[in-house]
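# Chains, contacts and geometry: an overview
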Amino acid sequence: MEKAGRFSGTSSGAHYNLQLFALSLVGVDGVLGLLCFYFYFLRPRLHRKKEKSTFFHCTCPTCHRKFRYSRSQVGRSYQCHNCRRNFVFPDPEARVPPSITPAPKAQPHMAFLPREQPININRKRFFLVVASGSKRGLPIRVCDDLFLIGSAEECQLRSNHPNIAPRHCSLVTRLNQVFVRDWNSGLLTLVNGELLPGGKEWPVHAGDRITVGPLELLMQFRESSLAQHDLEEWALKCLDEDAKRDELSELVPEESAAPGFAGASDVAALVIAKMIDRKGVEQGRLRIFRQGDIVIIRFNDARLVEESEIALVRKEIQDHVDQPSMRILLDFKNVRRLSAAAVKMLVDLYRWLRGQQSRLALCRLAPELQGILETLNAIEPVEHFTEKQSAINSRW
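In short, a report on the structure. All values derive from a computational prediction rather than experimental measurement.

Despite not being glycine, Asn192 has its phi angle at roughly 55°, a positive value. Tracing the backbone shows Asn192 in the loop between strand E11 (189-191) and strand E12 (194-195). The exposure class of Asn192 is partly exposed, given its relative accessible area of 45%. Of note in this structure, Arg364 is not a glycine but carries a positive phi near 55°.

This part takes up the sheet that holds strand E14 (residues 209-212). Spatially, 6 strands are ordered E6-E5-E15-E14-E11-E12 in an open sheet, and the strand pairing comes out antiparallel. Edge positions in the sheet fall to strand E6 (139-142) and E12, since each has one partner strand and no second. As judged from the 6 bridges shared by strand E5 (residues 125-130) and strand E15 (residues 215-222), these two strands associate in the antiparallel manner. What sits directly across from Leu128, in E15, is Met219.

All right, on to helix H6 (residues 340-355) then. Under the 1.5 Å per step criterion, the end-to-end length of H6 is 23 Å for 16 residues, consistent within 8% with the ideal 22 Å. Turning to H6, its buried residues number three or more, namely Ala342, Val343, Met345, Leu346, Asp348, Leu349, Tyr350 and Leu353. Buried residues along H6 sit in contact with strand E19 (303-304), helix H5 (307-320), strand E20 (327-331), strand E21 (337-338), strand E22 (359-363) and helix H7 (367-375). Downstream of H6 by one or two residues, Gln357 has phi in the positive range, about 60°.

This paragraph deals with a nonpolar patch on the surface. Taken together, the side chains of Val31, Leu32, Leu35, Phe37, Tyr38, Phe39, Tyr40, Phe41, Leu42 and Leu46 make up a nonpolar region of the molecular surface, amounting to roughly 1,000 Å² of accessible area. Structurally, Tyr38 is set in helix H2 (residues 13-52).

Applying the stated rule across the entire model yields 8 salt bridges. Note that Lys344 is salt-bridged to Asp348, the shortest N-O span being 3.0 Å. Highlighted residues: Lys344 and Asp348, both in helix H6, separated by 4 residues, approximately one helical turn. Taking the relative accessible area as the measure of exposure, Lys344 reaches 52% and is therefore exposed. Given a relative accessible area of 17%, Asp348 falls into the buried group. Overlapping salt bridges bring together Arg298, Asp331 and Arg364 as one network.

Conventions used here
- Residues numbered from 1 in each chain as written.
- Predicted model: local features only at pLDDT ≥ 70, side-chain atom pairs only at ≥ 80, totals over all residues.
- Heavy atoms only, no water.
- Helix = DSSP H or I, 4+ residues; strand = E, 2+ residues; numbered from the N terminus.
- Buried < 20%, exposed > 50% of the residue type's maximum accessible area, 1.4 Å probe, protein only.
- Pairing = 2+ DSSP bridges.
- Expected span 1.5 Å × (residues − 1).
- Contact = heavy atoms within 4.5 Å.
- Patch = residues over 30% accessible without salt bridge, like charges linked within 9 Å, V, L, I, M, F, W, Y side chains within 5 Å.
- Areas by Shrake-Rupley, 256 points an atom, 1.4 Å probe, with all protein chains shown as cover.
- Salt bridge = Lys/Arg side-chain N within 4 Å of Asp/Glu carboxyl O.

This is how it looks when you write it as structure tokens:
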């Protein structure tokens, strides 16, 4: 009783029991309140936050491109950026297989992906490769069904040359086939050297040459995409293969001009011998052939940038200059990029050849590279020619 009196302030046992009962009720209410707060407020909030931060992954059923979507996007339709087909984001927790009913019309740009231009995966990639001029080897993607060439602002390929009309001609793509159409502007449009009638379409294929005023374009196509650097090298390779076909047709002798040949083997031997005389032999990163007293060295690489490659090229050139008083002609037909180390290599090579009583000349150097070398005074003592034949016919 002394303890109860100290607790309740009185010595009555009934008051002591009532106070114990009240304290027990307060403790139960507190526990129940905490449980209600957790189950009815805190737990649903954490669950919703977890659902928002959880992403699922799926693939397009047509082109198998991967997509990421959230819980709130389950069951919504979406248009694939790659193949432009509609599909529904599946529920990963569903136990039944999805229905085969057609998907509803998609609302574009619903998934967490950057906006990009849709591309038809079944469509070939057509290119126009510039075959002449300062932009030789530049690939131009034909990405529209109607590709206009002219001087007007709405043309995809524009030129302000007076021999090109505002709407000179166009390339029309239908069912993976390309047709060239002249817009009857009064100016000439040539396909493989033949005049295209005004207002009519003509089918073009890979390897055909289209001449629009001063522009000469080579038609090519690819099925796989490439990086810009690889695409430029591929375009230059297409031009070289086309030039080889032209030279091969010139090398084949006519029947009236070769009556003494016994058969096709003699003709093939003659063609191979002439090709070796003209094209030379490929050795390492160089193509070397002789014409008269001139040794012509053509670089096979489009970029002379890496120091290790430049050192290897210099060694190969010096290995082929085995005699004094030689005339060395460096052909820059394929080169599109030069580093400072490559310029230094040319200067050192000129000094080394001068010590060997030999002479050095350059030909077919790109205008932008020629401007760089002139700015650095790297080719001031060296003869430079725009064409290889003029360098062969000249005395230097």
